Amino acid sequence: MSKKKILLIIILIMMAVIAAFVVYQYEQPEENNVMRGTHNILLLCADPSEQRPGIGGMDMAFAVQVVDGDVKNMTSIYPGGMHPTAMEPVEISKGRLMLHDTLWDADPEVGAKLAQETVEYNTGIKTDAVVIVTPTAIDAIIAAIGPIEVPGQGM
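From a predicted model like this one, the values you see are computed outputs, not experimental measurements.

## A short note on the overall build of the protein
Across its full length, the protein carries three helices and six strands. When its helices and strands are written in sequence order, the protein yields α-β-β-β-β-β-α-β-α. For the protein, the C-alpha radius of gyration of 16 Å lies close to 15 Å, the compact-globule estimate for 155 residues. Taking the principal axes of its C-alpha atoms as reference, the protein extends roughly 45 × 40 × 25 Å. Looking at the protein as a whole, 37% of its 155 residues qualify as buried. Partitioning the contacts of the protein with sequence separation of at least 6, the portion at a separation of at least 24 is 51%. Just so you have it, the protein exposes about 8900 Å², and 56% of that area is on carbon and sulfur atoms.

Here it is in structure tokens:
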């Protein structure tokens, strides 16, 4: 496995752990605590350089299974699936809304719900929470952790 893939896996696992913590601390009431029991978190990787009213285009998604606070499984979801009923905005109107465009709306809650519905429809994976990250967020995580040395690649 290449060093870049290992680094990507490490970053994705760190994002999943941070996502689980954020959901635990701020979003879920105690009875739905993702740190207890088995939960699926939908991790959306948004690209804000794609101009639209919302956060941006979705470049990749992951369903992260958390069991008692530990990441047990991560499923990659390519953002090509279509929503069962929602249509694309008139600006790009080509038919049904694709997962890639679910974050089009300026309200991130609308986009998160559409993404959850699309993922469940296309993969059968039902998620309990959604976390959206951007490249800026990833850079901030790496900066907070400190330099990361990849053998053969340097810092």
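Still more to cover.
## A short note on the environment of I13
Residue placement: I13 occurs in helix α1 (residues 3-27). With 61 residues separating them in the primary sequence, I13 and M74 have C-alpha atoms 8.4 Å apart.

Rules behind the numbers
Residues numbered from 1 in each chain as written. Predicted model: local features only at pLDDT ≥ 70, side-chain atom pairs only at ≥ 80, totals over all residues. Heavy atoms only, no water. Helix = DSSP H or I, 4+ residues; strand = E, 2+ residues; numbered from the N terminus. Rg over C-alpha atoms; globule rule 2.2 N^0.38 Å. Buried < 20%, exposed > 50% of the residue type's maximum accessible area, 1.4 Å probe, protein only. Contact = heavy atoms within 4.5 Å. Areas by Shrake-Rupley, 256 points an atom, 1.4 Å probe, with all protein chains shown as cover.

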